[in-house]
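A look at the structure
Spelled out from the first residue to the last, the chains are:
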Amino acid sequence: MADEVQNYSMFNSQALVDVVGDTTDAALEASSLKKFISVLGGRFFNWGQRKSLFPLHLGIKCCALEMAAAGGGRFDAERFGVFFRSSPRQCDILLVNGPISKKFADPIVRLWEQMPEPKWCIAMGECAISGGPYYQSYNILEGVNTLIPVDVYIPGCPPRPEALIDGFAHLRKKIMKMGVKSSSDRVGDAPIIIGDD
Ligand code: SF4
């Protein structure tokens, strides 16, 4: 009996939310306010995202030392609004900075899938781009793009911290251009290659 009462009240709460939601939706639609709010909200979200980039604090190999230097006192990436975080659920950039072994392929895809949309991927250094010194090795993948779509490539072995900071600046411009677009909607977009302009 207690279960029935509980289910009945849950049903009613859901029904009430549905009715209020449908009515509000129809009213907003009729007044074009919905479109206005969605454009304004989208622009505000995009501004917030590009002004505060949150890369995942993931170090794979020697390029990770350059990443650490970029975040340290001398280069201080934080003054450009770049904040390294240790949980994929708080991040919007997957910064891949070393060779990806076949054993590490599944965990890195899992990290990517745990990140909320819209999210972005940077391949830093030759290993992340093509396998680098391990190119065509038996256990190393030929670039992170074989698993995840890459937005920015930063060549070098290793690239300097300035190049990484430049990569973030280029990504910021791309975010501004793309708006609030999920990674699956961006498949096929031309990636940015640092040093190619
Ligand atoms: S690209 Fe060069 S510096 Fe970077 S992880 Fe590979 S071997 Fe190390």
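Worth saying up front: this structure is predicted, and the values here are computed from it rather than measured. (Residues numbered from 1 in each chain as written. Predicted model: local features only at pLDDT ≥ 70, side-chain atom pairs only at ≥ 80, totals over all residues.)

Let's shift gears to the overall build of the protein. If you tally the helices and strands in the protein, you get 6 helices and 4 strands. Listing each helix as α and each strand as β along the protein from the N terminus yields α-α-α-β-α-β-α-β-α-β. Relative to the compact-globule value of 16 Å for 197 residues, the protein shows a C-alpha radius of gyration of 21 Å, a clear excess of over 25%. Every one of the 197 residues in the protein was classed for burial, and the buried ones make up 27%. The long-range share in the protein, meaning contacts at least 24 apart out of those at least 6 apart in sequence, stands at 79%. (Helix = DSSP H or I, 4+ residues; strand = E, 2+ residues; numbered from the N terminus. Rg over C-alpha atoms; globule rule 2.2 N^0.38 Å. Buried ≥ 20, exposed ≤ 12 C-beta atoms within 10 Å, placed from the backbone. Contact = placed C-beta atoms within 7 Å.)

Position of Arg 110 among the secondary structure elements: in helix 4 (residues 102–114). Along the sequence, Arg 110 and Ala 123 sit 13 residues apart, while their C-alpha atoms lie 17 Å from each other.

Turning our eyes to something else, we now look at the domain arrangement of the protein. One can read the domain layout of the protein as domain 1 (2–49) and domain 2 (53–193). Taking only C-alpha atoms, the centre of domain 1 and the centre of domain 2 are 36 Å apart. Each partner contributes to the interface: domain 1 provides 4 residues, whereas domain 2 provides 5 residues. The residue makeup of the side of domain 1 that touches domain 2, split by class, is 1 nonpolar, 3 polar and no charged. (Domains from an automatic or database assignment. Nonpolar A, V, L, I, M, F, W, Y, C, P; charged D, E, K, R; others polar.)

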